[in-house]
Amino acid sequence: MSGEPIFIAFFNHKGGIGKTTAVYNIGYLLSTFGKRVLLVDADPQASLTSLIYADLWQSPDEQEKHYSDWDAKQQLGSYCTVPAILHPIIRETEPGLVTMDRAEHVVLTPVHNYPNLFLIPGGLETGRLDGPAELGLSMKGFYQGVPKSYSEIFRAIARKESIDVVLFDLAPSIGAWNRSLIMFSDYLVVPFFADYLSYQAVKSVF
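Here the structure is a predicted model, which is why all the values come from computation and not from measurement. (Residues numbered from 1 in each chain as written. Predicted model: local features only at pLDDT ≥ 70, side-chain atom pairs only at ≥ 80, totals over all residues. Heavy atoms only, no water.)

Peer 1: Mind showing me how you'd approach the overall build of the protein here?
Peer 2: Scanning the protein from N- to C-terminus turns up nine helices and six strands. Relative to its 206 residues, the protein shows a buried fraction of 47%. In the protein, 76% of the contacts between residues at least 6 apart in sequence involve partners at least 24 apart. For the protein, the computed accessible surface area is about 10100 Å², with 56% contributed by carbon and sulfur atoms. (Helix = DSSP H or I, 4+ residues; strand = E, 2+ residues; numbered from the N terminus. Buried < 20%, exposed > 50% of the residue type's maximum accessible area, 1.4 Å probe, protein only. Contact = heavy atoms within 4.5 Å. Areas by Shrake-Rupley, 256 points an atom, 1.4 Å probe, with all protein chains shown as cover.)

Peer 1: What's the story with the packing of aromatic side chains in this structure? I'm lost.
Peer 2: The relative placement of two aromatic rings is captured by the distance of their centres and the angle of their planes. Counted according to the given criterion, the structure contains eight aromatic pairs. Pairwise contacts between aromatic rings join Tyr53, Trp57, Tyr67 and Trp70 into one cluster. In this structure, Arg155 is placed above the aromatic ring of Phe7, and the distance from its NZ or CZ to the ring centre is 3.9 Å. (Phe/Tyr/Trp six-rings, centres within 6.5 Å; stacked < 30°, edge-to-face > 60°. Lys NZ or Arg CZ within 6 Å of the ring centre and 35° of its normal.)

Peer 1: Explain the pairing of strand E5 (residues 165-169) to me, please; I cannot follow it from the model alone.
Peer 2: Each regular strand displays side chains that alternate between the two surfaces of the sheet. Counting buried positions along E5 yields five of five residues, so the element is predominantly enclosed. Of the two faces of E5, both are covered, the one formed by Val165, Leu167 and Asp169 as well as the one formed by Val166 and Phe168. By the bridge criterion, five bridges tie strand E1 (residues 6-10) to E5 in an arrangement that is parallel. For Ile8, the partnering residue across the bridge sits in E5 and is Leu167. Here strand E2 (residues 37-41) runs beside E5; their pairing, made up of five bridges, is parallel. Residue pairing for E5: Asp41 is matched across the bridge by Asp169. (Pairing = 2+ DSSP bridges.)

As structure tokens, this is what we get:
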């Protein structure tokens, strides 16, 4: 990898416009050009994770098994999902201090047999990251460093794994967790349809 990893956030607070599909397809395309790409499922609904595993998760039991496996790795000190990676940050008095140490213990999930494409799965507990981020964006003190720390740990992970491009699949929400990732990303992509509601959503973003 040459230079710093590029962060690209995909966001539109109108749902159902193909944002998750765009993240997956663009990530795959970049990986075929030799770029090492990390997909981060930042949506509490874990839509990107479900899309990637659609051919394997034919029942809730199969889905539960994957999450149980990721939880088991967490118990052994390896962190695989967005909630597992980030929740300890909100308990630190100086959130930035945990960034590098946490990154060293993150294990990326390969996406199928694509050699350059990796995933950090999402989970419902990602929604809990909104509260500390909102406090960090709105006031000084204990939580002030949280929004930047959310992004800095992903930068540390990307550097450790020689990732060229990080793509964030954000939820259709204007919450502080989304705003934190958008603020510290290099680019913002706003997918939309050619209809009135999509037009209104794009206008409200800018």
